[in-house]
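Here is what each chain is made of, one letter per residue.
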Amino acid sequence: KQETCPGAIRAHPPCLSTPEKRLLLIMQVGQVDPEPSARPGWLGAVLGERSCKRILDAACGHGGDSLTLVEQGLDVVSCDCSDSVLNSLMALRWKKRMQPGYDKWVITKARLPTLEADLGKEGVVVGPGFDTVLCLNNTFTMLQQEDDMRATISNMANLLKKGGVMIIDQSEEDTEEGTGQLNGDCAENFKNNNVKPASTRLLTLERFEQLLKTSFGGGYTHFLYAQHKTAVEEGKPCKYYHVIDKM
């Protein structure tokens, strides 16, 4: 029996019928609190075992993940479509400019469905230049059109080096059909971005895999992790993490 800790993120046996290999093991995390404090340790382990150095935090929001990665000494590019968010991050970068790593932190404007073109216009990168591309905080499921979801996956894949990793998260509630309601995290994100959704975006795990197959544009392996609110909690996770390695 393997011991776990509260908030641990662990591999979850996916209910998907695909040929891709999946890693079915428990990812041990050192923190004792539930998310979000568990995520930095887990994310650091995922990136560390792949020797990732250059990271793109797409739709970075208020930059919590970006800050953690910068302070770990990684080369980070953070982008978002919100001017107010970007201005806040730039002010923070200036304030911390004398600390190690902050002088190399790139902050720029980009939208998920046009990520590659937007970063090219800003002169940040053209083509596969990143070891890791992140799309966290339920941002992916806030996209209201499947075409935008496909474009986002395609753009993220194009920006990855061979052997790089893409990580996308989604709340458990986003995978349930028939609820007819937004989960709390997504509702708050819509409020913060002044977006009124036309309908609830429900994305089952099977549908995500279909989007991945039709949008990635090359070989990949897809690992599915699940996070529970506590280590002893049974039943459904509170969040899923899609970890996709580019072959």
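Residues numbered from 1 in each chain as written. Predicted model: local features only at pLDDT ≥ 70, side-chain atom pairs only at ≥ 80, totals over all residues. Heavy atoms only, no water.

Visitor: Would you mind going over the pairing of strand β7 (residues 220-227) with me for this structure?
Guide: A regular strand places its side chains so that they alternate between the two faces of the sheet. Counted residue by residue, β7 has eight buried out of eight residues, so it is predominantly covered. Side chains Tyr220, His222, Leu224 and Ala226 of β7 all project onto a buried face; the interleaved residues Thr221, Phe223, Tyr225 and Gln227 project onto the opposite face, where all are buried too. Pairing of β7 with strand β8 (residues 239-246) involves eight bridges; the strand directions are antiparallel. Counterpart to Tyr220 in the pairing with β8 is Lys246. (Buried < 20%, exposed > 50% of the residue type's maximum accessible area, 1.4 Å probe, protein only. Helix = DSSP H or I, 4+ residues; strand = E, 2+ residues; numbered from the N terminus. Pairing = 2+ DSSP bridges.)

Visitor: Would you explain the pattern of salt bridges in this entry?
Guide: Two side chains that carry opposite charge are able to pair once their charged atoms sit near each other. One pass over the full model with this rule turns up nine salt bridges. Note that Lys161 and Asp131 form a salt bridge whose closest N and O atoms lie 3.6 Å from each other. Taken as a pair, Lys161 in strand β6 (residues 160-171) and Asp131 in strand β5 (residues 130-135) lie far apart in primary sequence, 30 residues in all. Owing to a relative accessible area of 33%, Lys161 belongs among the partly exposed residues under this scheme. The partner of Asp169 in a salt bridge is Lys239, and the shortest N-O contact between them spans 3.3 Å. Highlighted residues: Asp169 in strand β6 and Lys239 in strand β8, separated in sequence by 70 residues. (Salt bridge = Lys/Arg side-chain N within 4 Å of Asp/Glu carboxyl O.)

Visitor: I tried to follow the packing of aromatic side chains on my own but got confused; where do I start?
Guide: Geometrically, a pair of aromatic rings is defined through the distance of the ring centres and the angle of the planes. Here the structure, examined in full by the defined rule, presents five aromatic pairs. Ring centres of Trp42 and Tyr225 lie 5.4 Å apart, and the angle between their planes is 70°; this geometry places the pair in the edge-to-face category. Of this pair, Trp42 sits in helix α1 (residues 38-48) while Tyr225 sits in strand β7, and the two are 183 residues apart along the sequence. Side by side, Trp42 and Tyr225 carry an identical accessibility label, which is buried. Their ring planes at 50° and their centres at 5.1 Å tell us that Phe216 and Tyr220 sit as a pair that is tilted. (Phe/Tyr/Trp six-rings, centres within 6.5 Å; stacked < 30°, edge-to-face > 60°.)

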